[in-house]
Amino acid sequence: MRLAFVVPVATVALVGGMLVGSCDTGDGAADRGRGTPGQSAARVEPLTVRVVETLPHDPTAFTQGLEMAHGMLYESTGLAGRSTLRAGRPGAPPAQRAELPSPLFAEGITVVGPKLWQLTWRNGIAIERDARTLAELRRVPYDGEGWGVCHQRHRGRLVTTDGTSRLVFRDTRTLEKRGEVAVTADGRPVGRLNELECVGDIVYANVWPTDRIVRVDADSGDVTGDIDVPPLLSKAERRHTDVLNGIAAVPGTEQFLLTGKWWPRMFRVSFVPAAAGAASSPAT
């Protein structure tokens, strides 16, 4: 998606500390999701992050997707003419790299066994790749805007976003739509869902263009956790960066990697109750 600072500010409301709703700003799809009348709202747990480790990150990477699989960190970066797919150890230069030709604008990624899907924003295609070599295998038509994607392995489906309050479920082979659910907090839609991470039945979603991540029950669409990410970069670093965008679960742990567009660092974090407070980042 475009830079945060070139898009008009969306109208938002805070409900119980949760960022909800946004109007159509003319860039990205309108928030079309709706809650179910009469449905009881799930409790939204306020959370924050505790920094466990700080790692270097390529400050030229306009991060659009992040995922760990096969012992590797995969990262998709955007912008037409500068989009890439990378794979390597967290904090190290990528061992594999693939370039996307203009006008393709890369978005979210997810690994499905030996293969990987990489979405594009408004190009109307998704690219299937070899997860080991990153080689392009085929392109398939993709309906609507591509934003985030993750793989619910136990459910045999992909979960995708298009900038609205909807999670759209898709076939892992054809990407055909298989259903959708509206994401709500306190019964109201949560719009501008972006980069995703699937952990069992839970989906974590960046709310663009904010420093918030929501934890969503993918079956009901209920937001069960509202993660307020404190400033992780110094003021000097923030002058040269764009928004938080990139969340990857670290396999075998309850920790996550977080980064953003043009961020010089990546953070290994735990999500903890807001009352517990967050450990200070090395940034000052």
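In this text the structure is predicted, and so the values were computed from the model without any measurement. (Residues numbered from 1 in each chain as written. Predicted model: local features only at pLDDT ≥ 70, side-chain atom pairs only at ≥ 80, totals over all residues. Heavy atoms only, no water.)

Trainee: Can you walk me through the environment of Val183 in this structure?
Mentor: Examined against the element boundaries, Val183 turns out to sit in the loop between strand 15 (177-182) and strand 16 (184-185). As a C-alpha pair, Val183 and Leu193 span 10 residues in sequence and 8.9 Å in three-dimensional space. Residues contacting Val183, with those up to four places away along its chain left out, are Ser165, Leu167, Arg188, Pro189, Val190, Leu193, Val216, Gly221 and Val223. (Helix = DSSP H or I, 4+ residues; strand = E, 2+ residues; numbered from the N terminus. Contact = heavy atoms within 4.5 Å.)

Trainee: What is the right way to read the layout of surface pockets from this model?
Mentor: It is the rolling of a water-molecule-sized probe over the atoms that shows where space remains empty. The space that makes up the largest pocket amounts to roughly 340 Å³. Around the largest pocket, the lining comprises 22 residues; the ones closest to its centre are Glu197, Cys198, Val199, Ala249 and Pro251. Of all the secondary-structure elements, those providing two or more residues to the lining of the largest pocket are strand 4 (63-69), strand 12 (149-152), strand 18 (193-199) and strand 23 (255-260). Residue composition of the lining of the largest pocket, grouped by class: 10 nonpolar, 8 polar and 4 charged. (1 Å grid on protein atoms, 1.4 Å probe; cavity = no way out; pocket = protein on both sides within 12 Å on 5 of 7 lines; lining within 4 Å. Points joined across faces, edges and corners; volume = space filled by probe spheres on them. Nonpolar A, V, L, I, M, F, W, Y, C, P; charged D, E, K, R; others polar.)

Trainee: Please clarify how the environment of Arg97 should be interpreted in this entry.
Mentor: Take Arg97: it is sitting in strand 7 (residues 96-99). In this view, Arg97 contacts Thr84, Leu85, Arg86 and Leu134; residues no more than four positions away in its chain are not counted. Within the structure, the side chain of Arg97 is placed 2.7 Å from the side chain of Glu99, a separation counted as a polar contact. (Polar contact = N/O pair within 3.5 Å; in protein donor to acceptor, adjacent residues only side chain to side chain.)

Trainee: Honestly, the side chain of Thr120 in this entry has me stumped. Any pointers?
Mentor: Structurally, Thr120 can be placed in strand 9 (residues 115-120). The class for Thr120 is buried, based on a relative accessible area of 1%. Filtering out sequence-adjacent residues up to four positions away, Thr120 remains in contact with Leu104, Phe105, Ala106, Glu107, Ile125 and Gly146. (Buried < 20%, exposed > 50% of the residue type's maximum accessible area, 1.4 Å probe, protein only.)

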